[in-house]
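Chains, contacts and geometry: an overview
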Amino acid sequence: MKKIRLIGFLLIFALVVNPHTVMAGTSLKVGIYNSRPMVFQEKSEKPKGVFIDVLEYIAAEEGWTLEYVPGTWGECLERLKKDEIAILPGIAFSKERAELFDFSAHAVISTWGQIYTSRVSGLESVLDLEGRTVAVLKDDFYETEFQNLLEAAGIEAHLAQVLEYDHAFQMVADGRAYACAVERLSGLSAEKTRYNLQKSPIIYSPGSVRFGFAKGRHQEIREIVDAHLNLLKSDPDSLYYQSLEKWLGGAASHRLPAWFVYLLVFGGLFFVSIVAVTFLLKSQVEARTRELAEKNEELEQEIAERRQAVNALLSSEEKYRLLVENQTDLVVRLDLEGRLTFASPSFCNCFSLLDEQVADFDLMPLVHEEDRGLVESSLLSVLDPPYTHYGELRMSTRDGWRWLGWTNNAVFDPYGRIVAITSVGRDITDQRNLEAQLQQAQKMEAIGTLAGGIAHDFNNLLMGIQGNLSLILLNADHSHPDYERLKNIEHQVESGSDLTSQLLGFARRGQYLVRPTDINHLMNKTVSMFGRTRKEILIRENYSPDLWAAEVDQVQLEQVLLNLYVNAWQAMPEGGEIIVATENAVNSGEPGGVPGLQPGRYVRISVTDTGMGMDEATRKRIFEPFFTTKELGRGTGLGLASAYGIVKNHGGAIDVRSEKGKGSTFEVYIPATDKEIERITVGADQLIKGHGRILLVDDEAMVLEVGAEMAALLGYDVLTAATGEEALKIFQANRHNLDLVILDMIMPKMSGGEVFDRMKRIRPDVKVLLSTGYSLGDEARAILQRGCLGFIQKPFSLKKFSVKIDEVLRK
């Protein structure tokens with residue numbers, strides 16, 4: 001005790017007189033990596049281990065603040081080189097490292113390198129490592145020393161470098177490495193954990209593990225640490241020895257290996273034998289007694305470790321069993337011949353399989369014949385790196401044909417050989433259906449864009465024909481020899497216009513006037529109109545009395561309903577029954593609902609027929625434009641396509657259920673509204689003449705020519721422009737004496753919307769009538785909301801043209 005007090009006095013004296021004394025409150029950065037039991041950190045908990053206990057004690061005595069910087073072993077070494085951390089606990093001393101780092105003068109732990117392996121490897125000597133994979137910690141002292149050991153023994157082994165000891169242990173536990181060469185104490189901890197490793201008889205390179213410091217940067221701190229270590233190690237009751245007992249215990253002694261002790265003992269005895277044989281005999285007896293005691297202690301420890309390993313194995317097996325039995329995914333194991341050796345309860349339940357049937361069960365008959373080739377290719381893919389493969393196939397389950405996604409992985413034995421294949425499957429039928437629905441929606445969107453462009457261009461062509469007809473018929477009466485032919489041409493133009501209206505409906509560019517509407521009234525009206533001409537069809541109506549209102553374009557919804565009635569009638573060539581119904585519906589947005597329908601309140605309209613029905617291939621294509629199952633001349637294939645586009649444009653959806661020979665049901669969902677229902681009245685067209693100056697803007701020469709002539713016949717002075725730039729120049733020059741601008745919406749370079757906005761800036765009160773081959777879509781409606789006073793769709797007759805011009809001029 002006098003010696004301890006003297007050392008303490010000298011330490012205090014040194015700290016007082018040293019002008020470079022580290023002051024209390026100093027903050028030190030400390031590197032942390034995982035090397036149980038010397039230093040380690042579990043998740044977000046505080047670092048632990050022998051070195052941490054000692055360093056925390058010194059910091060508390062000196063009033064230092066410790067800031068722990070976690071990382072891998074390699075990252076910690078780099079940080080110490082760059083002085084990003086001041087101290088690195090648990091670094092083995094070597095002459096080479098002494099050139100890079102400063103070390104504490106005292107070792108905290110003396111230990112050595114040792115080979116650890118699985119409990120079934122049978123490793124007995126370093127010769128057994130020939131050609132094997134051995135996991136080592138990159139940049140570790142014991143990695144370098146192990147390489148030296150292999151060179152000395154003339155052994156070639158494959159070294160797998162890892163960043164943490166835990167990675168090395170996991171590689172051995174998984175069978176990816178035959179063994180690992182690590183520091184002995186860290187290896188001992190792996191014996192008692194889930195890795196379940198065992199130490200081999202191969203040990204090498206004893207060394208001392210110390211505190212490391214950045215080279216030449218923290219001399220005062222190192223001296224203080226050394227002084228405290230000297231004090232702690234000199235007192236058997238100090239925290240140092242308490243920490244050794246806590247983290248190492250009797251079984252994990254920090255002493256040198258037994259064969260080193262035996263060598264020293266017997267070397268000493270040989271020297272003493274020269275002096276006296278008596279002392280030699282006495283020492284041999286004592287050595288033998290100690291040896292037997294140590295072996296007895298090791299035997300007891302080994303028995304305890306084996307008992308613990310068995311308990312851990314039983315516990316692990318129980319956890320694995322519970323995990324697999326409660327797994328919703330399908331789990332199976334196959335041998336390399338493709339035979340089933342294990343099946344989870346979820347798999348047996350999916351395929352109505354009993355446990356005793358697993359061994360003789362053949363999977364292949366359950367696989368769809370088109371997908372059977374995928375099974376063999378998937379299993380073969382697992383045999384090559386990266387030893388995993390994902391595939392999707394159809395299988396016949398107790399719920400019918402379902403799409404299953406399978407992930408296959410190779411299973412290795414401790415020697416790195418593939419011995420089996422595990423497969424985990426999951427039902428992906430709903431996901432596949434959603435993907436198919438998305439692809440169908442994208443296809444319909446693309447077709448709709450094409451159809452809208454065609455309809456626009458076709459309407460411009462019809463405008464030229466209709467305009468010239470209107471001009472001819474203006475001066476022709478019933479006595480004209482070609483009057484009837486001209487009227488027939490006009491009727492054909494109207495039919496062409498109806499065709500483009502259907503195309504625009506499919507393209508969702510046909511929404512004209514939306515009003516809150518009583519759907520029951522509209523249904524009854526259309527059913528009455530259709531039923532008068534189809535006496536062979538029985539129509540039953542079932543309307544909900546408290547049906548919500550819906551905001552719709554009544555003309556367009558009538559077109560949708562009539563198309564559905566006609567489609568149902570044509571599916572019953574020998575007569576049958578049509579059931580029409582309405583009801584309120586709420587879509588919650590849950591999977592499996594109507595494709596493309598957003599959550600919310602809807603009015604549901606259903607039209608059911610007792611006709612021939614459709615197969616799945618036909619059902620998927622019925623909304624495509626120009627697709628029809630009817631013979632040539634009995635339909636254009638645009639009825640359902642336009643119905644689809646109109647409903648989509650109203651924010652709704654159409655769902656179809658049909659089966660060959662069992663009829664079809666079409667369900668139309670239209671968003672509900674709380675607004676009050678409005679009634680509309682329609683007035684008749686009449687030819688109205690007027691006066692004033694009009695600027696007509698259109699990029700189509702025929703439309704521009706016939707439109708100007710029609711306006712002139714109505715009494716107006718007409719200026720024309722073929723482009724947006726030309727229109728702005730004419731407007732700027734005549735802005736004070738222009739009464740109306742008739743503006744095309746779709747033009748190259750500068751659109752009608754941009755031309756309108758620039759005209760409004762030049763003259764805010766300008767009156768503009770928008771004209772286009774498209775219907776009143778979102779773009780046209782936006783222009784109207786910005787102050788445009790009217791809209792007219794091409795082709796239009798002279799009467800409609802006169803009425804619309806007069807209507808806008810009166811505003």
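So, here is what we can say about the structure in this document. Here the structure is a predicted model, which is why all the values come from computation and not from measurement. (Residues numbered from 1 in each chain as written. Predicted model: local features only at pLDDT ≥ 70, side-chain atom pairs only at ≥ 80, totals over all residues. Heavy atoms only, no water.)

Considerations on the overall build of the protein chain
- Of regular secondary structure, the protein chain possesses 24 helices and 26 strands.
- In the protein chain, buried positions account for 45% of the 811 residues.
- Sequence separation of 24 or more characterises 70% of the internal contacts of the protein chain that already satisfy a separation of 6 or more.
- Just so you have it, the protein chain exposes about 42,400 Å², and 53% of that area is on carbon and sulfur atoms. (Helix = DSSP H or I, 4+ residues; strand = E, 2+ residues; numbered from the N terminus. Buried < 20%, exposed > 50% of the residue type's maximum accessible area, 1.4 Å probe, protein only. Contact = heavy atoms within 4.5 Å. Areas by Shrake-Rupley, 256 points an atom, 1.4 Å probe, with all protein chains shown as cover.)

A look at the pattern of salt bridges
- A full pass over the atoms with the stated rule returns 26 salt bridges.
- Linked by salt bridges that have partners in common, Arg36, Glu42, Glu45 and Lys48 make up one network. (Salt bridge = Lys/Arg side-chain N within 4 Å of Asp/Glu carboxyl O.)

Some points on the packing of helix H21 (residues 724-733) against helix H22 (residues 752-762)
- Following both chains from N to C, one finds H21 and H22 inclined at 15 degrees, their axes separated by 10 Å at the closest point. For the element pair H21 / H22, the angle class is roughly parallel. Classified by chirality, the crossing of H22 by H21 is right-handed. Packed against H21, whose contacting residues are Gly724, Ala727, Leu728, Phe731 and Gln732, the element H22 presents Val755, Arg758, Met759 and Ile762 at the interface.
- Of the residues belonging to the contact of H21 with H22, the class tally is 6 nonpolar, 2 polar and 1 charged. (Axes fitted to C-alpha atoms, helices over the stretch in contact; angles between N-to-C directions. Parallel < 35°, antiparallel > 145°, perpendicular 65-115°, else oblique. Left-handed = near helix turned anticlockwise from the far one by under 90°. Nonpolar A, V, L, I, M, F, W, Y, C, P; charged D, E, K, R; others polar.)

Considering helix H17 (residues 554-570)
- The end-to-end C-alpha distance of H17, which contains 17 residues, comes to 24 Å, matching closely the 24 Å that a straight helix rising 1.5 Å per residue would cover.
- Those residues of H17 that fall on the buried side of the exposure criterion are Gln554, Gln556, Leu557, Glu558, Val560, Leu561, Asn563, Leu564, Tyr565, Asn567 and Ala568. (Expected span 1.5 Å × (residues − 1).)

Concerning the packing of aromatic side chains
- Taken as a whole, this structure holds 14 aromatic pairs when the rule is applied.
- Put simply, the rings of Tyr165, Phe169 and Tyr195 touch in pairs and so form one group of aromatic residues.
- The aromatic ring of Tyr178 is capped on one face by Arg132, whose charged end is 4.1 Å from the ring centroid.
- When the ring centre of Trp548 is taken as reference, the NZ or CZ atom of Arg601 above it lies at 4.4 Å. (Phe/Tyr/Trp six-rings, centres within 6.5 Å; stacked < 30°, edge-to-face > 60°. Lys NZ or Arg CZ within 6 Å of the ring centre and 35° of its normal.)

Considerations on unusual backbone geometry
- In this structure, Pro37 follows Arg36 across a cis peptide bond, with omega equal to 10 degrees.
- When you line up the elements, Pro37 lands in the loop between strand E1 (27-32) and helix H2 (50-62).
- With an omega of 5 degrees, the peptide bond between Pro385 and Pro386 qualifies as cis.
- By the secondary structure assignment, Pro386 is in the loop between helix H13 (372-381) and strand E12 (388-397).
- Phi is positive for Asp83, close to 60 degrees, though the residue is something other than glycine.

A few points about the nonpolar core
- In this structure, Leu88, Leu129, Phe146, Cys180 and Phe211 are the most contacted members of the largest nonpolar core, which totals 76 residues.
- The element best represented in this core is H2, accounting for 7 residues.
- Not counting residues within four places of it along the chain, the set of residues in contact with Cys180 comprises Gln114, Ile115, Tyr116, Val134, Ala135, Ala168, Phe169, Val172 and Leu197.
- Phe530, Leu564, Val603 and Ile670 belong to the second-largest nonpolar core, a separate cluster that totals 35 residues. (Core = buried A, V, L, I, M, F, W, Y, C linked by side-chain atoms within 4.5 Å.)

Regarding the sheet that holds strand E22 (residues 693-697)
- Taken together, 5 strands build an open sheet; the order of strands is E23-E22-E24-E25-E26 and the sheet is parallel. Two strands bound the open sheet, and with one partner strand each, they are strand E23 (717-721) and strand E26 (790-793). Averaged over all adjacent pairs, the angle separating strand axes in this sheet is 20 degrees, with direction ignored.
- Inspection of the sheet shows E22 paired to E23 by 5 bridges, in the parallel sense. (Pairing = 2+ DSSP bridges.)

What about helix H3 (residues 73-81)?
- Where H3 is concerned, the buried positions are Trp73, Cys76, Leu77 and Leu80. The arc enclosing the buried residues of H3, seen along the axis, measures out at 100 degrees, which places them on a common side.
- Positioned one or two residues after H3, Asp83 has a phi angle of 60 degrees, which is positive. (Arc of directions from axis to C-beta.)

Digging into the environment of His691
- Turning to its location among the elements, His691 is positioned in the loop between strand E21 (664-673) and E22.
- Here His691 falls in the exposed class, since its relative accessible area comes to 68%.
- Sequence separation between His691 and Leu714 is 23 residues; the distance between their C-alpha atoms is 7.8 Å.
- Excluding residues within four positions of it along the chain, His691 makes contact with Gly715 and Tyr716.

What to know about a nonpolar patch on the surface
- A contiguous nonpolar surface patch, about 270 Å² in accessible area, is contributed by Leu336, Leu380 and Leu383.
- As for its placement among the helices and strands, Leu380 is situated in helix H13. (Patch = residues over 30% accessible without salt bridge, like charges linked within 9 Å, V, L, I, M, F, W, Y side chains within 5 Å.)

Remarks on the sheet that holds strand E13 (residues 400-412)
- The strand order across the open sheet formed by 5 strands is E11-E10-E14-E13-E12, and the pairing between neighbours is antiparallel. Both outer strands of the open sheet, strand E11 (340-343) and E12, are each paired with one neighbouring strand and no more. Strand after strand, the sheet turns through a mean of 25 degrees between neighbouring axes, direction not considered.
- Relative to E13, E12 is paired through 10 bridges, and the arrangement is antiparallel.

A word on the packing of H2 against helix H8 (residues 219-234)
- Packing of H2 against H8 brings their axes to within 11 Å, and their N-to-C directions diverge by 110 degrees. If you check the angle between H2 and H8, you find them roughly perpendicular. As for how H2 packs across H8, the hand of that crossing is right-handed. From H2, Val54, Tyr57, Ile58, Glu61 and Glu62 reach across to H8, where they touch Ile224, Val225, His228, Leu229 and Leu232.
- Considering only residue class, the contact of H2 with H8 consists of 7 nonpolar, 1 polar and 2 charged.

So, the pairing of E21
- For E21, the buried fraction is high: 9 of the 10 residues fall into the buried class.
- Relative to E21, strand E17 (residues 549-552) runs antiparallel, the two sharing 2 bridges. Bridge pairing in E21 places Ala549 opposite Thr673.
- Relative to E21, strand E19 (residues 600-609) runs antiparallel, the two being bridged by 8 bridges. Bridged to Arg604 within E21 is Tyr669.

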